[in-house]
Amino acid sequence: MSNSESLSRAEGSLLGSIAISSHQNRPQLAKYLFFPVPYLSDKNFQVDLVSWLEVRAENREILKKYPLVKEILKLDSSEKSIKSINSMLKCGELTGYGKLECCGDKLFIPLRYECNLRTCPTGADKRKKRIRKQYLPILEKFSANPRDYNSLRFLTISPDNYEDTFEGLKRGFKEIRRNFSKFIRNKYISDRVLSGLCVIEMKNKNKDGECKGWNIHLHILYYGQKLDNRIRGHCNNCGQNYMKYSKVEGKYYCGSSKCHSFDVEVKNKDSKIVQIWNRVSGRDVNIRIEPLYSREHYLNYLLKYISANKDDFRDVASMAQYIVVTRGQKLITKFGDIFGKKIPVIKNQFFCDKCNNSVALEYDSNAEYEMEHEAHSHNADEDKAYDLKEITEKVTSN
């Protein structure tokens, strides 16, 4: 196939059935990428995909306006990737209206397209609210008192950083999931950790704005016994075995509040659970365990990491790497007898203000006409616009 024939085919090819839209006869920027079919169908056609997409003027505008799109395509040019990009570009568009009708009242709710991308702020908030509704009622059934034999606790596992490259991110994401699976099956851990939720956080820029490679670590909310995260040794002064490390002095000292002597002997600088992680992963790690006093606070903290903030990344290219690596992957994992079971999704319910009955939300393709008709039928003396915002504010949602 010649390049001219390929270009001709590309002009007529389109991802899905999306067409260039116009409004009131005014030309409007095409919001979706036109997909060049020959790039995937013709194995002999060797052209850089970004250059190939720039054949169309509409695509050139998109790639110029959205640098993130261009970076994603450099990493993954598959049909699945382009569908995902078009979904991202379509996010927030009005797709129709939902109608609530009861006791003679008719209320309309705008329905907008959601891309569900982890870096999308709108989708992140909805995702957190949905999962919080699922798990908070379960967490409230269990003790959060750290003095109890079994209680809810919060665990952070942070291995050494990986190199700040696309390959480093892929390797780190794969390894930390595999290592956590081995860690949780260790006899010492499995005997004490009954169930939990685990979230993977990935970023290559810290809170000070420094970039020191990909920091890929785990946040775990678990129900079970306290794990031994103390450094053990022997104090030659008081005889107890709890040790601490002084960064100022650069050496270990007695952890007793009445002693704090530096006359100690430490055979292993790591705690028991750090030693277990080192064995299963072959990588140095920092582990922190916190008692859980507020279930809702720590669940919110955990769910904060199922989505990504742009401030977590060094640049647009790093965000693109994150999107490509995590696409289609689960960042939150349930394990154990309690959280491992299938938990039903709790959907929003709407109730009528007059009869308090539950009202089903129905899709209404004629909503715009009905709203316009009712707006004109209102008394002209009323200084109150019958607009969409006012209508939707009447809806009571639990």
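Draft legend 1. Representation of the packing of aromatic side chains in the model. Across all of its chains, the model carries ten aromatic pairs by this definition. Residues phenylalanine 154 and tyrosine 298 carry aromatic rings whose centres are separated by 5.0 Å and whose planes lie at 40° to one another, so their mutual orientation is tilted. On the criterion of sequence distance, the pair formed by phenylalanine 154 in strand S3 (residues 151-159) and tyrosine 298 in helix H11 (residues 295-303) is long-range, its members being 144 residues apart. Ring geometry for phenylalanine 180 and phenylalanine 335: centres 5.6 Å apart, planes at 70°, overall edge-to-face. Linking phenylalanine 180 in helix H8 (residues 166-185) with phenylalanine 335 in strand S12 (residues 332-335), this pair joins segments that are 155 residues apart in sequence.

Draft legend 2. A look at the pairing of strand S8 (residues 242-246). In the sheet, strand S6 (residues 231-232) pairs with S8 via two bridges, with the strands oriented antiparallel. Note on S8: the bridge partner recorded for isoleucine 231 is methionine 243. Direction of pairing for S8 relative to strand S9 (residues 251-254): antiparallel, over a ladder of four bridges. The residue of S9 that forms the bridge with tyrosine 245 is tyrosine 252.

Draft legend 3. Quick look at the packing of helix H5 (residues 67-75) against helix H12 (residues 316-326). At a minimum axis separation of 8 Å, H5 and H12 run at an interaxial angle of 55°. Our classification of the angle between H5 and H12 gives oblique. Both H5 and H12 take part in a crossing whose hand is right-handed. Contacts between H5 and H12 involve Pro67, Leu68, Glu71, Ile72 and Leu75 from the former and Val316, Ala317, Met319, Ala320, Gln321, Ile323 and Val324 from the latter. Here the residues of the contact of H5 with H12 are counted per class, giving ten nonpolar, one polar and one charged.

Draft legend 4. Looking closely at the pattern of salt bridges. Evaluation of the coordinates by the stated rule reveals 13 salt bridges. With its nearest N and O atoms 3.5 Å apart, the salt bridge here joins lysine 212 to glutamate 210. For glutamate 210, a relative accessible area of 38% gives the class partly exposed. Across the salt bridge formed by glutamate 290 and arginine 288, the nearest N and O atoms sit 3.1 Å from each other. Within the structure, one salt-bridge network assembled from shared partners comprises Glu163, Arg171 and Glu175.

Rules used throughout
Residues numbered from 1 in each chain as written. Predicted model: local features only at pLDDT ≥ 70, side-chain atom pairs only at ≥ 80, totals over all residues. Heavy atoms only, no water. Phe/Tyr/Trp six-rings, centres within 6.5 Å; stacked < 30°, edge-to-face > 60°. Helix = DSSP H or I, 4+ residues; strand = E, 2+ residues; numbered from the N terminus. Pairing = 2+ DSSP bridges. Axes fitted to C-alpha atoms, helices over the stretch in contact; angles between N-to-C directions. Parallel < 35°, antiparallel > 145°, perpendicular 65-115°, else oblique. Left-handed = near helix turned anticlockwise from the far one by under 90°. Contact = heavy atoms within 4.5 Å. Nonpolar A, V, L, I, M, F, W, Y, C, P; charged D, E, K, R; others polar. Salt bridge = Lys/Arg side-chain N within 4 Å of Asp/Glu carboxyl O. Buried < 20%, exposed > 50% of the residue type's maximum accessible area, 1.4 Å probe, protein only.

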